[in-house]
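A look at the structure
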Amino acid sequence: WERLATYTASYNQFTGSWPPALSDVRTLQYLDISHNRLTGLLPPKITLMGALKSVKLNDNKFAGTVVEDLYFLPALAVLDLSNNQFVGTTPVAIG
């Protein structure tokens, strides 16, 4: 996990919550765990993953509010949170 740059596990019908070990991978640039059945909240530690360029969490069952700092990760170019159960608003700077 220490040097992992890409993690793709989409379309696997995974269930459960956010994989806790992912939050500790500071080198991760591309994350795609879309099209599964993942539930629960996104961990606040996701905002410490500063190397992220692309995050695809769409088509799961994540809920709650999105930690606002996620929208402002320095390298982030792609963020897809669609088709989940998030609540709240998108920051004005993004929307």
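One can find the structure itself at the top, above this paragraph.
A brief structural summary.

Conventions adopted
- Residues numbered from 1 in each chain as written.
- Predicted model: local features only at pLDDT ≥ 70, side-chain atom pairs only at ≥ 80, totals over all residues.
- Heavy atoms only, no water.
- Helix = DSSP H or I, 4+ residues; strand = E, 2+ residues; numbered from the N terminus.
- Buried < 20%, exposed > 50% of the residue type's maximum accessible area, 1.4 Å probe, protein only.
- Areas by Shrake-Rupley, 256 points an atom, 1.4 Å probe, with all protein chains shown as cover.
- Lys, Arg positive; Asp, Glu negative; His and termini not counted.
- Charge placed at Lys NZ, Arg CZ, Asp CG, Glu CD.
- Pairing = 2+ DSSP bridges.
- Axes fitted to C-alpha atoms, helices over the stretch in contact; angles between N-to-C directions.
- Phe/Tyr/Trp six-rings, centres within 6.5 Å; stacked < 30°, edge-to-face > 60°.
- Salt bridge = Lys/Arg side-chain N within 4 Å of Asp/Glu carboxyl O.

With that out of the way, let us pick up the overall build of the chain. A count of helices and strands for the chain gives zero helices and eight strands. Listing every helix and strand of the chain by position from the N terminus yields β-β-β-β-β-β-β-β. Overall, the chain is about 35 × 30 × 20 Å in size when its C-alpha atoms are taken along their principal axes. Considering the chain as a whole, with its 95 residues, one finds that 35% of them fall into the buried category. On the chain, roughly 5500 Å² of surface is accessible, and the fraction owed to carbon and sulfur atoms is 52%. Counting 7 positive and 7 negative side-chain charges, the chain places the centres of these two groups 6 Å from one another.

To continue, consider the sheet that holds strand β8 (residues 85–86). On the basis of which strands lie adjacent, the open sheet formed by four strands has the order β2-β4-β6-β8 and parallel pairing. Edge positions in the open sheet fall to β2 (15–16) and β8, since each of these has one partner strand only. Bridge count between strand β6 (residues 61–64) and β8: two bridges; the pairing is parallel. Across the sheet, the residue bridging to G64 is F86, located in β8.

The subject of this paragraph is the sheet that holds strand β3 (residues 30–32). In space, the four strands of this open sheet follow the order β1-β3-β5-β7, with parallel pairing throughout. Among the strands making up the open sheet, the edge pair consists of β1 (6–8) and β7 (78–80). Here the strands of the sheet are splayed against their neighbours by 10 degrees on average, with no regard to which way each runs. Looking at chain direction, strand β5 (residues 54–56) and β7 are connected through three bridges and run parallel. When the bridges of β7 are listed, K56 appears paired with D80.

Let us look at the packing of aromatic side chains. Evaluated as defined, the whole model comprises two aromatic pairs. When the centroid spacing of 6.5 Å and the interplanar angle of 55 degrees are considered together, the rings of W18 and F62 count as tilted. Separated by 44 residues along the polypeptide, W18 in the loop between β2 and β3 and F62 in strand β6 bring together distant segments of the chain. Here W18 and F62 have matching classes, each one buried.

What follows deals with the pattern of salt bridges. This model, assessed by the stated rule, comprises one salt bridge. Close ionic contact of K45 with D24 constitutes a salt bridge, the shortest N to O distance being 2.6 Å. Here D24 lies in the loop between β2 and β3 and K45 lies in the loop between β4 (37–40) and β5, a separation of 21 residues in the sequence.

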